[in-house]
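Here is how the chains run, residue by residue.
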Amino acid sequence: MKILVTGGLGFIGSHTVVELQNEGFDVIAVDNLSNSSIEVVDGIERITGKKPIFEKLDLRDKKAVQDFFKKYQDIAGVIHFAASKAVGESMTEPLKYYENNLFSLINVLQEFKERNISNFIFSSSCTVYGQADQMPIDENTPLKEAESSYGKTKQMGEDILKDFSRAYNKKVSLLRYFNP
C-alpha cells in the first residue's frame, strides 16, 4: 500500500515516514523544503534501510499537484502534515498562513476526490481549542475561537474536511496534538 505523506521531511512527517516504512508501507514524501532539509531523506534511509520516494512539491501549485497525482496513481491514503506552523509569525503574516495552509489542503483534497482515494489523516492542532475552560483537554472539549491565524487555519481545515467527508463519503481523521 502506498501512502503519501505531505510535509514528509518535517519533524513529525519524517518520523511518520520512518514508522510507515518500518511497518512495510511504501511511502511517497512530498515537501517544499521551506522548513526542512533534503538531507532528511538520507536520515530516513539510514534508519529504515529504505529510501522513501521523495518529490519536492509546493502544494499551493494546483497544476503541480495535479501532475503529481497523475504520476502516482496508486496512492491509497494521505497523511497531511504540510503547513506553516509558527503561531507568532501567523499573527504578523496571516495571508501567508491562509494561502499555504488552506490552498495546499484544498489542492490535495481535489485530487484525492478525483482519484477516489478514501483515507485522509489531517495534522490539526490543539490550537483549535482556543483558551479552553477546562483541563485536561480531551476530544469532547468544546472548540473556541483560535487566537492565532495559524489556529484559525487549523479550525478551517477541520471544517473543510468535515464537509468533504460528508459530501464525498471519504474517511477522514483529525489529529489534534500539543507541541510535539
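Please read these numbers as outputs of a predicted model, since none were measured by experiment.

K.L.:
Would you mind going over the nonpolar core in detail, with residue names and values included?
P.N.:
By size, the foremost hydrophobic cluster in this structure holds 21 residues, and its most contacted members are Leu 4, Phe 68, Phe 69, Ile 75 and Phe 120. Of all the elements in the fold, those that place two or more residues in this core are strand E2 (26-31), helix H3 (62-71), strand E4 (75-80), helix H5 (94-114), strand E5 (119-123) and helix H6 (149-168). With four residues, the top contributor of residues to this core is H5. Counting residues in each nonpolar core, the second largest holds twelve residues, with Ile 3, Leu 9, Val 41 and Ile 44 among its members.

K.L.:
Can you lay out helix H2 (residues 39-48) for me, pointing to particular residues and giving the numbers?
P.N.:
Within the sequence span of H2, burial applies to Val 41, Gly 43, Ile 44 and Thr 48. Buried residues of H2, seen end-on, are gathered within an arc of 160° and therefore sit on one face of the element. Seen from the buried face of H2, the exposed residues on the opposite side, beyond 90 degrees, are Glu 39 and Arg 46. In this fold, the buried residues of H2 make contact with helix H1 (11-22) and strand E3 (53-56). Backbone geometry just after H2 places Gly 49 at a positive phi near 80°.

Cut-off values and rules
Residues numbered from 1 in each chain as written. Predicted model: local features only at pLDDT ≥ 70, side-chain atom pairs only at ≥ 80, totals over all residues. Heavy atoms only, no water. Core = buried A, V, L, I, M, F, W, Y, C linked by side-chain atoms within 4.5 Å. Buried < 20%, exposed > 50% of the residue type's maximum accessible area, 1.4 Å probe, protein only. Helix = DSSP H or I, 4+ residues; strand = E, 2+ residues; numbered from the N terminus. Arc of directions from axis to C-beta. Contact = heavy atoms within 4.5 Å.

Spatial relationships are all this shows, so hold off on functional conclusions.
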